[in-house]
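Each chain, written out:
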Amino acid sequence: MSSGRQRRRVVPDYMAAARVVVPEHISIERTTLVYVAPDVVANGLDPPASHLLTLLEEGPLSVYECAAHLGLPYCVVRLLVAGLVAGGTLLTRDPPPADLPDLEILELVLSGLRAL
């Protein structure tokens, strides 16, 4: 019987990336899209890494989305992803650039707000 409270993890969150070799420079950000490299064999991976690969089987996700689905802090998932990218298991790409609004329209809106 559960009391409605969420079960506490037996292993602390930071242990999810304990055995991952992390490169010196980590270029993984919150919005970096992560996907599984082609022809990857997932044998011998830690449970968090194998859960991440299972999650990414359906398609790429951002690092933040991966953290939310795995229930781990962003910083832990960032290290996990960086280590798996360094090992060739995962690939990353930057998200497409956002279309920024026209500067003239923003200036007109600002002047209109100031006129109020």
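Definitions and limits used
- Residues numbered from 1 in each chain as written.
- Predicted model: local features only at pLDDT ≥ 70, side-chain atom pairs only at ≥ 80, totals over all residues.
- Heavy atoms only, no water.
- Phe/Tyr/Trp six-rings, centres within 6.5 Å; stacked < 30°, edge-to-face > 60°.
- Helix = DSSP H or I, 4+ residues; strand = E, 2+ residues; numbered from the N terminus.
- Buried < 20%, exposed > 50% of the residue type's maximum accessible area, 1.4 Å probe, protein only.
- Lys NZ or Arg CZ within 6 Å of the ring centre and 35° of its normal.
- Pairing = 2+ DSSP bridges.
- Core = buried A, V, L, I, M, F, W, Y, C linked by side-chain atoms within 4.5 Å.
- Contact = heavy atoms within 4.5 Å.
- Arc of directions from axis to C-beta.

(A) Up close: the packing of aromatic side chains. Counting across every chain of the model gives one aromatic pair. Both rings, one in Tyr 64 and one in Tyr 74, keep their centres 5.3 Å apart while their planes meet at 80°; by these two values the pair is edge-to-face. Residue Tyr 64 is found in helix α2 (residues 63–70), and its partner Tyr 74 is found in helix α3 (residues 74–86); the two are separated by 10 residues along the sequence. Classification of Tyr 64 as partly exposed rests on a relative accessible area of 45%. Lying over the aromatic face of Tyr 74, Arg 30 brings its terminal NZ or CZ to 4.9 Å of the ring centre.

(B) Structural context of the pairing of strand β1 (residues 33–36). By the bridge criterion, two bridges tie β1 to strand β2 (residues 61–62) in an arrangement that is antiparallel. When the bridges of β2 are listed, Leu 33 appears paired with Ser 62. In this sheet, strand β3 (residues 90–93) lies alongside β1 in antiparallel orientation, the contact comprising four bridges. Within β3, the position partnered with Leu 33 by the bridge is Arg 93.

(C) View of the sheet that holds β1. One open sheet accounts for three strands, arranged β2-β1-β3; its pairing is antiparallel. Unpaired on one side and paired on the other, β2 and β3 mark the two borders of the sheet.

(D) View of the nonpolar core. Counting residues in hydrophobic clusters, the biggest one holds 21 residues, and the most contacted among them are Leu 52, Leu 56, Val 77, Val 81 and Leu 90. Contributing elements (two or more residues each) for this core: α1 (47–55), α2 and α3. Ranked by residues supplied to this core, first place goes to α3 with seven residues. Contacts of Val 81, omitting those with residues within four sequence positions, involve Ile 28, Val 34, Leu 52, Leu 90 and Thr 92.

(E) Highlighting the environment of Pro 38. Mapped onto the secondary structure, Pro 38 falls in the loop between β1 and α1. For Pro 38 and Leu 91, which are 53 residues apart along the polypeptide, the C-alpha to C-alpha distance reads 9.2 Å.

(F) Here's a closer look at α2. Three or more residues of α2 are buried, namely Val 63, Cys 66, Ala 67 and Leu 70. Down the axis of α2, the sector holding all buried residues measures 100°, keeping them to one side. Facing away from the buried side of α2, by more than 90 degrees, are the exposed residues Ala 68 and His 69. Where α2 is buried, its residues meet β1, α1, β2 and α3. A positive phi of about 75° marks Gly 71, the residue just after α2.

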